[in-house]
Amino acid sequence: MQEIELKFLVPESRLKGLMRQTHVKSSQVTQLAAHYYDTSDQQLAQAGIGLRIRKEGDTWVQTIKASGDGIAARLEHNAVLDNEQVQAMLDNNELMPNLAIYQDTPITAALADFKLKKLAKNLTRLYVTDVERTTRLLTESNEDETNNCIEMAYDQGEIIHGTDDSLRKAIQEIEFELVSGDLDFLFTTAKTWCKRYKLCLSTVTKAENGSLLINGQNHSPAVNANLSQLQIDKDSSAPAFIRAVVHNCLLQILPNSSAIVAGSIDDDHILQLRIGIDRLRTALKAFADFSDEINPEWLPILKQTATLLSDYYQLAYINTQIEPELQACGAPAVDWTTDIENIKITPINTLQANDFQITLLELIAFTMSDPSIEPQTDQLARDKLTKVLSKQYKKCLKTNKKSDEVSDEVSDTELVSDDVDLNTDIVDNDQPESDLLNQLRDLRYISEFSAPLLSKKKAKKKTKRWLKRLIKAQKALEQLNDDNQHQQFYELKSTTDTNALYGTGWFTAILTVDQSHIDARLAKFADSSTFW
């Protein structure tokens, strides 16, 4: 079977109010003791699979979970075990899962890469969980007299290392699982609770938290864009295509957002979240007419979130990356700590905002909605993509030509990066270089999304070569942009800290170096024949 659920972290400030709603007369409290299994090198975790044996009240249940066909969906198989047999194995410290029960079940495909007998021999208990679960059913009657039903489950407890019970990780989360009825009821209910208690979406499972515990990590590594996960085919309709693209962007956005709301201040999480949002914004703008279900309110919220993330990331990147590089070259130390602390809205504040969390929920709901009920379901995406690409490509060429004509007049243009490194929106629309960098970035993302549908088998090398030249041109402009931004930060800092004069001079010198390689990158891109 497939479970559809949404998981949220609960902020301490709203915990008391939330518990009043979870601990009502109709709610049930269950103590859950679970044993999680994997190979010593965590092969199951790497495949996105969780395997456990858990005591649920008086019953022992063996459960395996794997990725489903939606962001909020996971394949799940539950098998009730014989209590006496389980107790006997526990007494002898021999409790192990029985993998034979997965033969000829819906979960079989998820285990296709494993030889079950060999896997069973290599399994070990890595960690256990001790959780108090409070459940409550939320129902609503439909017009057809059927019921929408959600199980709300609030979990509080800890994960305990399998061989060292002094190593523990706290759990405090709430889940909404669709028991029956419409997906709309699940998302509507989740949005209501999200608004009321400032809940934050999290894709981190208990199995993932357990893996982090035994690996001595607080958060999983940052997640980059992965176009191999873009699930489209040649006959994808326009509505199906934009849903697949949004889904692909969310696969990058949600894990990084989950890490940040859980407390990560890692630059890579912030950067990859920002890039994911950039990709999503580009898709929503470029493919706006591919679906009637796109909410125009998503874009301004995503833009505001991206801008606030960049305000923090700019200084954090200089502090953790640029400053050590300069000091290695003999520069005196510059302390950026106070500057970072003076930023009023931190990444976690930004992502905890209701508008952003509600937008994420609506985007997930959009990807899980049925594209076949839309009016445009008979329109193939590939028939519309060529026009989108051609329009964006012509804009790039026109802006590039304009940039060449006025390059001498705008040599001091203020640029701000929007993808790599500082990764900020370019807002000075009077400057052709600013326009060009934005447009190249958009063209890159549109091309990457479109290539699987438009690139013919015999022309894959041509597509790859064209994209490579586009990306090189984009990155060349971004490097210039980053150097400009760094120079401005150090110049401003030098008014209160003379040590920053070294950085000011360093980047000023870099900016005076011949930029002919940028022109060469742009020329190669402009001279390349397109793949569509």
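Below or above, wherever it landed, is the structure these notes cover. (Residues numbered from 1 in each chain as written. Predicted model: local features only at pLDDT ≥ 70, side-chain atom pairs only at ≥ 80, totals over all residues. Heavy atoms only, no water.)

Before going further, it helps to examine the pattern of salt bridges. Following the criterion strictly, the structure yields 21 salt bridges and no others. Across the pair Arg-274 and Asp-278 runs a salt bridge whose closest N-O atoms are separated by 3.1 Å. With Arg-274 and Asp-278 both in helix H8 (residues 267-286) and four residues apart, the pair spans about one turn of that helix. For Arg-274, a relative accessible area of 2% gives the class buried. Look at the salt bridges and you will find they share partners, linking Lys-7, Arg-133, Asp-155, Glu-173, Glu-175 and Lys-206 into a network. (Salt bridge = Lys/Arg side-chain N within 4 Å of Asp/Glu carboxyl O. Helix = DSSP H or I, 4+ residues; strand = E, 2+ residues; numbered from the N terminus. Buried < 20%, exposed > 50% of the residue type's maximum accessible area, 1.4 Å probe, protein only.)

Moving on: the nonpolar core. Across soluble globular proteins, you tend to see nonpolar side chains buried next to one another. Counting 108 residues, the largest nonpolar core has Phe-8, Ile-174, Phe-176, Leu-199, Phe-241 and Phe-287 as the members making the most contacts within it. Sequence-distant contacts of Phe-176, defined by excluding residues within four places in its chain, comprise Ile-4, Glu-5, Leu-6, Phe-8, Leu-138, Ile-150, Glu-151, Met-152, Leu-186, Trp-193 and Leu-199. One finds Ile-64, Ala-66, Leu-95 and Ile-107 within the second-largest nonpolar core, a separate group that totals 18 residues. (Core = buried A, V, L, I, M, F, W, Y, C linked by side-chain atoms within 4.5 Å. Contact = heavy atoms within 4.5 Å.)

What follows covers the packing of aromatic side chains. What the rule picks out here adds up to 20 aromatic pairs. Each ring, one from Trp-193 and one from Tyr-197, has its centre 5.6 Å from the other, and the planes form 50 degrees; the classification is tilted. Of this pair, Trp-193 and Tyr-197 both sit in helix H5 (residues 183-197), four residues apart, which is roughly one turn of the helix. A relative accessible area of 6% places Trp-193 in the buried class. With centroids separated by 5.2 Å and ring planes inclined at 85 degrees, the aromatic side chains of Trp-336 and Tyr-490 adopt a geometry described as edge-to-face. Of this pair, Trp-336 sits in the loop between helix H9 (298-328) and helix H10 (337-341) while Tyr-490 sits in helix H15 (residues 460-493), placing them 154 residues apart in sequence. Each member of the pair, Trp-336 together with Tyr-490, is buried. A network of ring pairs unites the aromatic residues Tyr-393, Trp-466, Phe-525, Phe-531 and Trp-532 as a single cluster. (Phe/Tyr/Trp six-rings, centres within 6.5 Å; stacked < 30°, edge-to-face > 60°.)

For the rest of this paragraph, the subject is unusual backbone geometry. Not every positive phi belongs to a glycine, and Asn-93 is a case in point at roughly 55 degrees. By secondary structure assignment, the location of Asn-93 is in the loop between helix H3 (83-91) and helix H4 (116-122). Despite not being glycine, Lys-198 shows a phi value in the positive range, around 50 degrees. Relative to the helices and strands, Lys-198 is located in the loop between H5 and strand E9 (200-201). Judged by relative accessible area, which is 28%, Lys-198 ranks as partly exposed.

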